[in-house]
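Residue-level listing of the chains:
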Amino acid sequence: MPSSSLEDELFPSTPGKFKIERNHGMMNRQVYRCFASTSTMFLWALFLIALTASYLSFQSFVDSGSRYLSASWGGIQWEKQVRTSAQIHRQGGMSVLVTGSACFVGSHVSLALKRRGDGVVGLDNFNDYYDPSLKKARKTLLSSHGVFIVEGDINDAKLLAKLFDVVAFTHVMHLAAQAGVRYAMENPHSYVHSNIAGLVTLLEACKMANPQPSIVWASSSSVYGLNEKVPFSESDQTDQPASLYAATKKAGEEITHTYNHIYGLSITGLRFFTVYGPWGRPDMAYFSFTRNILQGKPITVYRGKNHVDLARDFTYIDDIVKGCVGSLDTSGKSTGSGGKKRGSAPYRIFNLGNTSPVTVPTLVSILERHLKVKAKRNIVDMPGNGDVPFTHANISLARRELGYKPTTDLQTGLKKFVKWYLSYYGYGKPVN
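Once a new chain begins, its residue numbering starts again from 1 and follows that chain's sequence as written. Only residues with pLDDT of at least 70 get local features here, since the model is predicted, and only at 80 or more are side-chain atom pairs given and counted; chain-wide, interface and lining totals rely on the full set of residues. To get the side-chain values, all heavy atoms of the structure are used, and hydrogens and water are removed first.

As annotated in an unreviewed UniProt entry, the protein chain is UDP-glucuronate 4-epimerase from Cicer arietinum. If you open the UniProt record of the protein chain and go to Catalytic activity (unreviewed entry), you find "UDP-alpha-D-glucuronate = UDP-alpha-D-galacturonate". UniProt positions are given in the numbering used here, feature names are shortened, and annotations may be inferred rather than shown by experiment.

Q: I'd love a proper account of the overall build of the protein chain, names of residues and values included.
A: Summing up its helical and strand segments, the protein chain has 13 helices and 13 strands in all. Categorising residues by exposure relies on relative accessible area from a 1.4 Å probe, with only protein chains included: less than 20% of the type maximum marks a residue as buried, more than 50% marks it as exposed, and the intermediate range marks it as partly exposed. When burial is assessed residue by residue, the protein chain has 47% of its 432 residues classed as buried. Note on areas: Shrake-Rupley with a 1.4 Å probe; residue coverage comes only from the protein chains shown. Taken as a whole, the protein chain presents about 21,900 Å² of accessible surface, with 57% of it coming from carbon and sulfur. Under the DSSP-based scheme used, a helix requires at least four consecutive residues in state H or I and a strand at least two consecutive residues in state E, with every element numbered from the N terminus.

Q: Please provide a residue-by-residue account of the pattern of salt bridges, values included.
A: One speaks of a salt bridge when a side-chain nitrogen belonging to Lys or Arg is within 4 Å of a carboxyl oxygen belonging to Asp or Glu. One pass over the structure, following the stated rule, counts 16 salt bridges. In this structure, the salt-bridge partner of lysine 207 is glutamate 204, at a minimum N-O distance of 3.1 Å. Placement of both lysine 207 and glutamate 204 in helix 7 (residues 188-208) is noted, with a separation of three residues, approximately one turn of the helix. Assessed through its relative accessible area of 10%, lysine 207 is described here as buried.

Q: Give me the nonpolar core: which residues, what numbers.
A: Formed by 70 residues in total, the largest nonpolar core has its most connected members in Val105, Met173, Leu175, Phe272 and Tyr286. No other element matches helix 13 (residues 410-424), which puts seven residues into this core. Setting aside anything within four residues of it in sequence, one finds tyrosine 286 in contact with Phe104, Val275, Tyr276, Gly277, Gly280, Arg281, Leu363, Leu367, Leu414 and Phe417. Think of a nonpolar core as a cluster: buried Ala, Val, Leu, Ile, Met, Phe, Trp, Tyr and Cys residues, connected wherever their side-chain atoms sit within 4.5 Å. Core analysis: the second largest hydrophobic core is formed by 31 residues, Ala86, Val172, Ala176 and Cys206 among them. Here, residues are in contact when the closest pair of their heavy atoms is within 4.5 Å.

Q: Describe in detail the state of the cysteines, supporting the description with residues and values.
A: Criterion for a disulfide: a pair of cysteine sulfur atoms at a distance within 2.5 Å. Applying the stated criterion across every chain, the model contains zero disulfides. Not part of a disulfide, cysteine 324 finds its nearest cysteine sulfur in cysteine 103, a span of 9.8 Å.

Q: If you had to explain helix 7 to someone new, which residues and values would you point to?
A: Over its 21 residues, helix 7 extends 30 Å from the first C-alpha to the last, a length consistent with the 30 Å expected when each residue adds 1.5 Å. Axes are fitted to the seven residues ending at a residue and to the seven starting at it; the angle between these axes is taken as the bend at that residue. The principal kink in helix 7, of about 30°, is found at glycine 198. Of the positions making up helix 7, those classed as buried are Ser190, Tyr191, Ser194, Asn195, Gly198, Leu199, Thr201, Leu202, Leu203, Ala205, Cys206 and Lys207. Here the buried face of helix 7 lies against strand 1 (95-99), helix 6 (157-166), strand 4 (171-174), strand 5 (214-218), helix 8 (244-263) and strand 6 (267-272). By this rule the span expected of a helix is its residue count minus one, scaled by 1.5 Å.

Q: Outline the packing of aromatic side chains, supporting the account with residue identities and numerical values.
A: Centres within 6.5 Å make a pair out of two Phe, Tyr or Trp rings, where for Trp the six-membered ring is used; the pair is then stacked when the planes are under 30 degrees apart, edge-to-face when over 60, and tilted otherwise. The full count for this structure, using the stated rule, is 29 aromatic pairs. Their ring planes at 75° and their centres at 5.9 Å tell us that tyrosine 276 and tyrosine 286 sit as a pair that is edge-to-face. Residue tyrosine 276 is found in strand 7 (residues 275-276), and its partner tyrosine 286 is found in helix 9 (residues 285-294); the two are separated by ten residues along the sequence. Each member of the pair, tyrosine 276 together with tyrosine 286, is buried. The class for tyrosine 286 is buried, based on a relative accessible area of 2%. Through a chain of ring-to-ring contacts, three or more aromatic side chains come together here, namely Tyr276, Trp279, Tyr286, Phe287, Phe314, Tyr316, Phe417, Trp420, Tyr421, Tyr424, Tyr425 and Tyr427. One residue, lysine 135, lies across the ring of tyrosine 130, its end atom 4.6 Å from the ring centre. We call a charge positioned above a ring when the Lys NZ or Arg CZ atom is no farther than 6 Å from the ring centre and deviates by at most 35 degrees from the ring normal.

Q: Mind laying out the confidence of the model for the protein chain, listing which residues take part and the relevant values?
A: Of all residues in the protein chain, 82% have pLDDT values of 70 or greater, and the mean over the chain is 86. Segment residues 1-38: pLDDT under 50, and ten contacts once partners within four positions in sequence are set aside and those in other chains are kept. pLDDT expresses, on a scale from 0 to 100, how confident the predictor is about each individual residue. Contacts of residues 48-70 to residues separated by more than four positions or lying in other chains number zero contacts, the stretch itself having pLDDT below 50.

Q: Now, about the packing of helix 9 against helix 11 (residues 360-371): what can you tell me, with residues and values included?
A: To define axes, lines are fitted to C-alpha atoms, for helices over the stretch in contact only, and angles between the resulting N-to-C directions are given on a 0 to 180 degree scale. Running from N to C, helix 9 and helix 11 cross one another at 45°; their axes reach a closest spacing of 11 Å. Between helix 9 and helix 11, the angle is such that the two are oblique. Taken as a pair, helix 9 and helix 11 cross one another with a handedness that is right-handed. Contacts from Tyr286, Phe289, Thr290, Ile293 and Leu294 in helix 9 reach Val360, Leu363, Val364, Leu367 and Leu371 in helix 11. Grouping the constituent residues of the contact of helix 9 with helix 11 by class yields nine nonpolar, one polar and no charged. When an angle is under 35 degrees it counts as roughly parallel; over 145 it counts as roughly antiparallel; between 65 and 115 it counts as roughly perpendicular; any other value is oblique. Note: crossing handedness is left-handed where the near helix turns anticlockwise from the far helix by less than a right angle, and right-handed where it turns clockwise. Note that Gly is not counted as nonpolar here; it falls among the polar residues with everything else outside the nonpolar set of Ala, Val, Leu, Ile, Met, Phe, Trp, Tyr, Cys and Pro and the charged set of Asp, Glu, Lys and Arg.

Q: Describe the sheet that holds strand 5, naming the residues involved and giving the relevant values.
A: Hydrogen bonds along the backbone pair up the strands of a sheet, which may run parallel or antiparallel. Each pair of strands is called paired provided DSSP finds at least two bridges between the two strands. Reading across the sheet, the seven strands line up as 3-2-1-4-5-6-11 and stay open at both edges, with parallel pairing between neighbours. Because the sheet does not close on itself, it has two edges, and the strands there are strand 3 (148-151) and strand 11 (347-352). Direction aside, the axes of adjacent strands within the sheet are offset by 20° on average. The sheet contact formed by strand 1 and strand 4 spans four bridges and is parallel. Of the residues in strand 4, the one forming a bridge with threonine 99 is histidine 174. In this fold helix 6 packs onto strand 1, strand 2 (119-124), strand 3 and strand 4, with an angle of close to 170° to the strand it touches most, strand 2.

Q: Explain the packing of helix 3 (residues 76-86) against helix 6 residue by residue, including any values.
A: Where helix 3 meets helix 6, the closest approach of the two axes is 10 Å, and the angle between their N-to-C directions is 65°. Every pair of crossing elements has a handedness; the one defined by helix 3 and helix 6 is right-handed. Residue-level contacts link Trp78, Glu79, Val82 and Arg83 of helix 3 to Leu159, Lys162, Leu163 and Val166 of helix 6. Grouping the amino acids of the contact of helix 3 with helix 6 by side-chain chemistry returns five nonpolar, no polar and three charged.

Q: How would you sum up the side chain of threonine 248? Please name residues and give values.
A: Mapped onto the elements, threonine 248 comes out in helix 8. Using a relative accessible area of 2% as the deciding quantity, one classes threonine 248 as buried. Setting aside anything within four residues of it in sequence, one finds threonine 248 in contact with Tyr191, Asn195 and Ile196.

In C-alpha cells form, the structure reads like this:
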C-alpha cells in the first residue's frame, strides 16, 4: 500500500471521515510523526509571529518618534513660546491669533499689535506660492519683536484646537488665504482648500472655543467683480465674480454670515483694495514691475476695452493696518459658548481703500522716477484671466464706524516701497 503524504493524513479526502489503518502500530508511528512535525511547525509559526510583532512594534516606535521629532508644533517648550507671545502688555489689551502672519498684510498687522502691547501669536504654512524666503525674513523680523509664529495650516483642526486650548484668544485676525487672481486658472483647488475649506475649519474652532473670539478677516474688493457702478459700496450687489479667487471670497462672506447667525460669532469682513508697500507680495504688479525695470527686462502693461487704461484704488499698507486694527478694536463680542448661540452678535463688512484710483501707466511712471530707470513697456490688451478694468472704493462706512482715514498717496507710498526694495535686495541706490 503506497504511503500517504502528510497532507493526506491531516486533511482527509472525504470530508468528515478519517482513514482507518488496520495496522495500528504503523498508524501510531505515523500519528506520532505527524504530531511531532505539527508541533515543530507550530513552534516555528509562533516564533515568526513574535518576530513580526516585534518588528512592527519597533517600526511603529520609530515612526512615532520620527513624527514627534519632525512635528512643528506641540510639547512643553512650544506651549511656553505660544503663551509668552500671547501675553498682553497693556491695560485693556487683546490676545490675537493672526493667521497668515508671515504674509504681507499679516506681518504688518502682527507688528502693529505687538508694538502697542497686545498679545500676538502667528500661524502660517509658509507655502511656495511665491518665494518662501521672503516669508521667512518676515518671520525673523516678527521674532525680533517677540511674535512667535506657529508653522502649520488652517485646515489642521487638531492644531487649531490645541492653540485655543493653550491660549484663550480674545480675537482672531484671519489673513491666511490663497491670493492672486490669475493663479486661480493654474491651480484652482488651492483656492478652495485655503479660502473655503480653511475658513470653515477655522470658524469651527472659533465656534467651539470658550470664550469665543471675535473674528476679523480679509475678504477682497474682487467680490465687486463686473460691477460698473463706481465707487464700489458695501451695499452693492456682488453676485458677478470675474475670477475664482473672487468667487471664493464671496463664498467666504456667505459662510461667515452663516456662522454669525447660527453660532453667535462676532465677524467683520474687510474688502481690501490693491494693497502695496514694503515687504509686499512679489506677484503684485508694482513689485514685479520694479524687479523687471531694474533688471532691464520689459514689463507687460494691460489695457482694457477701447484701449482704456486699467485703474486701481492702490492702498498703502499702513492705511490698511489702521483699518484692520480699528476693526479689531470695535469688533464687539461673540455671544456663543461651546458651539451654542446665546444672543445676536455683530456682523460687519467694510471697504478699505484709498478712494483715489490711479491708472497703471501712471504707476509705472512713478516707479521710473523713483528708480531713475526707464521702463521697457509692452502694451497689450487685457486677456480674459479674471482681472477687472478698474476698482474704486467708497470708504464712508469705514470712516464713520472705524475712524478709517487713509493718508498715503501713491507717490509717497511707492517711494517708501522702492526704498525698502533697494535695501532688501542689496541695490543700495538712494531714493530722493
